[in-house]
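# Examination of the molecular architecture
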Amino acid sequence: SDLIEAINKAAEPFPIPDGKEYGYGTAGFRMKANAGLDHVMYTVGLIAAARSKKRNATIGVMITASHNPAEDNGVKLVDPMGDMLEQSWEKYATTLANTPSDKLGQAYEDLVNEELVDELRQIHDRPAKVVFGRDTRPSGVALVKAMKAALDALKVDYTDYGILTTPQLHYIVRCINTKGTAYEFGEPTEEGYYKKMASAFKVLMHGRSIQGSVTVDCANGVGGPKLRELLKYLPTGQGGIDIKVVNDDVSKPEILNYECGADYVKTKQRAPPNISVGPNERCASLDGDADRVVYYYTDASGNFTLLDGDRIATLGAVFLADMTRTAGIDEKLKIGIVQTAYANGASTEYVEKVLKLPVECTNTGVKHLHHAAARYDIGVYFEANGHGTILFSENAIRTIRGTEPKSPGQKHALDSLSACIDLINQAVGDAISDMLFAEVVLAHKTWTPENWKNTYIDLPNYLRRVEVPDRRIFVAVDAERKLQSPKGMQEQIDNLVRLYVKGRSFVRASGTEDAVRVYAEAATRTEAGKLASSVEELVK
Ligand code: NG1
Ligand code: ZN
């Protein structure tokens, strides 16, 4: 048909490099930007269009490689509510990406026949709408062109939002799709995003003050200019916030994520070398697309303390549990925390024994955590590396916004909770939003970073990346805490773990890199190191 030919023709400039195989992984497609990613982008345009027709809604596309080096890039699809593409569609994304340009028309037609058929092709004839954004990587410009070629071939309506953080794009998608409904999310613009966050922040800060400043390392990525923009909307002085933005130079692509950013701080367990702050001053690092954040500080004797995603989760849970109690609605709302196996064992114990809240463990990857968290009224989910957010159910929103306060204290708690719903990005984990929330909680509690640290003491731990001939033989089960294959290896790990006080270790294949990850924790640093090394030996 004409359509098949139009798709094939427009795909011609974007061939698959010889021998290339693509996969839609934990974070969508990700690779060296010049290694055939333009072909993938073209096919993502096709998928986005089909998905839009299927859902009869606007679909988002975000072009970023997050914490990876500047020469990499990647792309992921965003579903109507601002969440990740439904998993059952990932196979289409992978299939189309691996289809040569001259066969794409037919491959698209096959997808239409499988997902968009009805007697009159009415689903297929629906108008499609796609919106997209990209991080500051220079390769993004050409990648957008490749995707537009597909959208034009299908005559799809689209809006290019230019440079955005990942969470901003997710926010905009959700705003567009909820406009005019009872669940309206906000104005679908960058300004709308800043205004929503700033006004919620002001409500939460009313009558409080934040101690000292917070230095924010933006990984020389998109978070820098966007955080600076947000600052124009935030109050300073009493009830305001003093944010010192550093590593926000996006004019030199090669310094993106270089010796800075959330991934650097989390994996090296040290501050970026170019940051200079006084003892006990709060620092935060964002990653390259501003969807994850970690905190840290260095004390007067030079000891570095990381306050990671587990810490943000527990800080948030404590605050929300207190607030719902003060508001008198704690009986009506079920709060839960969702973690992955990488959460520090001490944080899990703290949630269960001290906070007495349910804690759940899922597979790695925010889509898994997000779905689990959505089953609670207030679902707090974070990966240790700083990806995460807090979800409020419809019941929670109705209860918080519909309860008549009987005292000023109760009113204050209800207003605060209501502002939390707006401050915390409900679509997806958002470094800037998570950071403002952490600042608010610290202000409410008048906590220094040291107070925060002392809520529980992290078990010393190691995360090692091990290159193996074939990582696919490592099949993990039980929320990736146990190995099912290779046969017998789990028993060997168990035998090693038994030798250490508070020992815990697990092995799984990475979903984003060609490697296996070994995690180990134990009561002392030396023991955690020994356990990690002995498990690493098993795996090699
Ligand atoms: P893999 O490569 O599957 O371990 C990593 C992170 C995840 C998540 C994804 C997606 C660790 C141990 N793993 O996954 O938490 O962030 O990348 O970006 O940090
Ligand atoms: Zn990221």
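Counting from 1, residues in each chain are numbered in the order their sequence is written. Whichever chain is written first is A, and whichever ligand is written first is 1; the rest continue in order. Reporting in this predicted model follows two pLDDT cut-offs: at least 70 for local features of residues, and 80 or more for side-chain atom pairs to be given and counted; totals over whole chains, interfaces and linings ignore these cut-offs and use all residues. Excluding hydrogens and water, the side-chain figures rest on all heavy atoms present in the structure.

## Some details on the overall build of the chain
Helix numbering and strand numbering both begin at the N terminus, where a helix is a DSSP run of H or I of at least 4 residues and a strand a DSSP run of E of at least 2. A count of helices and strands for the chain gives 19 helices and 19 strands. For a compact globule the rule gives 2.2 Å times the number of residues to the power 0.38, and the radius of gyration it is set against comes from C-alpha atoms. Its C-alpha radius of gyration of 23 Å places the chain within 12% of the 24 Å reference for a compact globule of 540 residues. Projecting the C-alpha coordinates of the chain onto the three principal axes gives extents of approximately 70 × 60 × 45 Å. Three exposure classes are used, based on accessible area relative to the maximum for each residue type with a 1.4 Å probe and protein chains only: buried under 20%, partly exposed in between, and exposed over 50%. In the chain, which comprises 540 residues, the share counted as buried stands at 57%. Here, residues are in contact when the closest pair of their heavy atoms is within 4.5 Å. Long-range contacts, defined here as pairs at least 24 residues apart, represent 70% of the contacts in the chain between residues at least 6 apart. For accessible areas, the Shrake-Rupley method is used with a probe of radius 1.4 Å. Any residue's cover is judged against the shown protein chains and nothing else. In the structure as shown, the chain presents an accessible area of about 21900 Å², 50% of it carried by carbon and sulfur atoms. One finds the centroid of the 64 positive side-chain charges in the chain at a distance of 3 Å from the centroid of its 72 negative side-chain charges. Under the convention used here, Asp and Glu are negative, Lys and Arg are positive, and both His and the chain ends fall outside the count. Where a charge lies is defined by one atom per residue type: Lys uses NZ, Arg uses CZ, Asp uses CG and Glu uses CD.

## Regarding the sheet that holds strand 10 (residues 304-307)
If you trace the 5 strands from one edge of the open sheet to the other, you get 7-6-8-9-10, paired in mixed fashion. Sheet topology places strand 7 (243-246) and strand 10 at the edges, where each strand pairs with a single neighbour. Across the sheet, the mean angle separating the axes of adjacent strands is 25 degrees when strand polarity is ignored. For strand 8 (residues 282-286) and strand 9 (residues 293-298), the ladder comprises 4 bridges, and the chain directions are antiparallel. Paired with Ser285 across the two strands is Val294, which belongs to strand 9. For two strands to count as paired, DSSP must find a minimum of two bridges between them. The angle between two axes is taken between their N-to-C directions and runs from 0 to 180 degrees, where each axis is a line fitted to C-alpha atoms and a helix contributes only its stretch in contact.

## Focus: the side chain of Asp287
Its place among the elements puts Asp287 in the loop between strand 8 and strand 9. We define a polar contact as two N or O atoms separated by no more than 3.5 Å, with the added condition that, inside protein, one atom must be a possible hydrogen donor and the other a possible acceptor, whereas residues neighbouring each other in sequence contribute only through side-chain atom pairs. Among the polar contacts listed, one links the side chain of Asp287 to the side chain of Ser66, at a separation of 2.8 Å. Of the polar contacts made by the side chain of Asp287, one reaches the backbone nitrogen of Asp291; its length is 3.0 Å. Once residues lying within four places of it in the same chain are set aside, the contact partners of Asp287 are Ser66, His67, Cys218, Ala219, Asn257, Ala262, Arg292 and His387.

## Some points on the coordination of the zinc ion (ligand 2)
Water is absent from the atoms considered, so a metal site may look incomplete; donors are defined as N, O and S atoms within 2.8 Å of the metal, or 3.2 Å for Na, K and Ca. Here the zinc ion (ligand 2) is held by the protein donor atoms Ser66 (OG), Asp287 (OD), Asp289 (OD) and Asp291 (OD), which lie 2.0 to 2.2 Å from it. For the zinc ion (ligand 2), the 4 donor atoms are set out with angles of 84 to 172 degrees between them, so the coordination reads as irregular. Expressed as a motif, the donor residue spacing for the zinc ion (ligand 2) is S-x220-D-x1-D-x1-D. Linking Ser66 in the loop between strand 2 (58-63) and strand 3 (72-78) with Asp291 in the loop between strand 8 and strand 9, this pair joins segments that are 225 residues apart in sequence. Just to be clear on the cut-offs, tetrahedral is four donors with all angles between 85 and 135 degrees, square planar is four donors and octahedral six with opposite donors over 155 degrees apart and all others between 65 and 115, and anything else goes down as irregular.

## Examining the site of ligand 1
Distances are taken per atom, and a residue is near a molecule or strand as soon as one of its heavy atoms is within 4 Å of it. The full set of residues close to ligand 1 is Tyr342, Thr364, Glu383, Asn385, His387, Leu463, Arg508, Ser510, Gly511, Thr512 and Arg517. Interatomic distance of 2.9 Å between a side-chain N/O atom of Glu383 and an oxygen atom of ligand 1. A distance of 2.5 Å is found between an oxygen atom of ligand 1 and a side-chain nitrogen or oxygen belonging to Ser510. Protein coverage of the free-state accessible area of ligand 1, which is 430 Å², stands at 89%. Under the scheme applied, nonpolar residues are Ala, Val, Leu, Ile, Met, Phe, Trp, Tyr, Cys and Pro; charged residues are Asp, Glu, Lys and Arg; polar residues are all the others, including Gly. Looking at the shell around ligand 1, its residues break down into 2 nonpolar, 6 polar and 3 charged. Boundaries between domains were set according to an automatic or database domain assignment. Two domains each donate at least three residues to the shell around ligand 1, and these are domain 3 (309-453) and domain 4 (461-539).

## As for the pairing of strand 5 (residues 157-163)
Working note: regular strand, side chains alternate between the two faces of the sheet. With 5 bridges connecting them, strand 4 (residues 129-134) and strand 5 associate as parallel partners. Following the sheet pairing, Phe132 is matched in strand 5 by Asp160. The handedness of a crossover follows from its direction of travel: if, with the strands pointing away from the viewer, the path from the first strand over the helix to the second runs clockwise, the crossover is right-handed. Taking the sense of rotation as the criterion, the β-α-β connection linking strand 4, helix 6 (residues 140-153) and strand 5 turns out right-handed.

## A few points about unusual backbone geometry
Across the junction of Ser485 and Pro486, the peptide omega takes the value 0 degrees, indicating a cis bond. Mapped onto the fold, Pro486 is located in the loop between strand 17 (482-485) and helix 18 (489-497). For Glu259, which is not a glycine, the phi torsion comes out positive at approximately 50 degrees. Inspection of the secondary structure puts Glu259 in the loop between strand 7 and helix 10 (261-268). Phi at Ala479 is positive, roughly 50 degrees, even though this residue is not glycine.

## With respect to the nonpolar core
In this text, buried Ala, Val, Leu, Ile, Met, Phe, Trp, Tyr and Cys residues form a nonpolar core when linked through side-chain atoms within 4.5 Å. Ile243, Phe392 and Leu436 are the most contacted members of the largest nonpolar core, which totals 84 residues. The element best represented in this core is helix 16 (residues 431-445), accounting for 10 residues. Apart from the residues lying within four places of it in its own chain, the contact partners of Leu436 are Met197, Phe201, Leu230, Leu234, Ile241, Ile243 and Leu423. Ile59, Ala97, Ala150 and Ala153 belong to the second-largest nonpolar core, a separate cluster that totals 47 residues.

## As for the sheet that holds strand 3
On the basis of which strands lie adjacent, the open sheet formed by 5 strands has the order 1-3-2-4-5 and mixed pairing. Unpaired on one side and paired on the other, strand 1 (29-32) and strand 5 mark the two borders of the sheet. With strand direction ignored, the average angle separating the axes of adjacent strands in the sheet is 15 degrees. Looking at chain direction, strand 1 and strand 3 are connected through 4 bridges and run antiparallel. From the neighbouring strand, Met31 faces strand 3, where its bridge partner is Asn73.

## Examining helix 16
By definition here, a helix of n residues has an expected span of 1.5 Å times n minus one. In this model helix 16 runs 21 Å from its N-terminal to its C-terminal C-alpha over 15 residues, within 8% of the 21 Å that 1.5 Å per residue would give. Across the 15 residues that make up helix 16, a large majority, 14, are buried. Count one or two residues on from helix 16 and you reach Thr446, which has phi positive near 45 degrees.

## As for the packing of aromatic side chains
Working definition: an aromatic ring pair is given by the centre-to-centre distance plus the angle between the planes. A pair of Phe, Tyr and Trp rings is counted when the ring centres sit within 6.5 Å of each other, with Trp represented by its six-membered ring. The angle between the planes then sorts it: under 30 degrees is stacked, over 60 is edge-to-face, the rest tilted. Per the counting criterion, the structure on display carries 15 aromatic pairs. Considering the side-chain rings of Tyr171 and Tyr193, the 5.3 Å spacing of their centres and the 75 degrees angle between planes classify their relative orientation as edge-to-face. Linking Tyr171 in helix 7 (residues 166-178) with Tyr193 in helix 8 (residues 190-205), this pair joins segments that are 22 residues apart in sequence. With relative accessibility at 3%, the residue Tyr171 sits in the buried group. For Tyr193, a relative accessible area of 3% gives the class buried.

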